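Each chain, letter by letter, is given below.
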Amino acid sequence: KIPQHVTYFTSDTLSEALRPCFTLRADRWDYQYVALGMLASRVAHILHLPPFRRDYGPTLSVPNGMRMFVFQKATDR
């Protein structure tokens, strides 16, 4: 189900909340893998057409609207 979560943080606010114990290492869009048949089935449902086989066709990487933040624990100095 897209999207699954509500976002309350940006990379700036999350970094500020976790500093000085953690450092932001990556900030990128998240994707999920969906079979082409699943996408076709959803479009058919929206258009009130008969459903397609959901497991048909190749798997596609589809952006799911969520961001992924990767933090690293800061080392003692």
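To be clear, the structure that these remarks concern was listed above.
Once a new chain begins, its residue numbering starts again from 1 and follows that chain's sequence as written. Selection of residues for local features in this predicted model requires a pLDDT of at least 70, selection of side-chain atom pairs for listing and counting requires 80 or more, and totals for whole chains, interfaces and linings are taken over all residues. The side-chain quantities take in all heavy atoms of the structure and omit both hydrogens and water.

1. Comments concerning the pattern of salt bridges
Right, on to step 1. Salt bridges are identified by distance alone: a Lys or Arg side-chain nitrogen within 4 Å of an Asp or Glu carboxyl oxygen. Scanning all chains against the criterion turns up two salt bridges.
Right, on to step 2. We note a salt bridge from R19 to E16, for which the minimum N-O separation is 1.9 Å.

2. Regarding helix 2 (residues 36–46)
Right, on to step 1. Here's how the labels work: a residue is buried when its accessible area is under 20% of the maximum for its type, exposed when over 50%, partly exposed in between, all with a 1.4 Å probe on protein chains only. A run of H or I in DSSP becomes a helix once it reaches four residues, and a run of E becomes a strand once it reaches two; helices and strands are each numbered from the N terminus. Along helix 2, the positions that sit buried rather than exposed are G37, S41 and A44. All buried residues of helix 2 lie within an arc of 60 degrees about the axis, which places them on one face of the element.
Right, on to step 2. Contact criterion: two residues are considered in contact whenever any of their non-hydrogen atoms come within 4.5 Å of each other. Buried residues in helix 2 make contact with strand 1 (22–35).
Right, on to step 3. Immediately downstream of helix 2, the backbone of H48 shows phi near 60 degrees, a positive value. The directions from the helix axis to the C-beta atoms are what the arc is built from.

Don't take any of this as a statement about function, it's just geometry.
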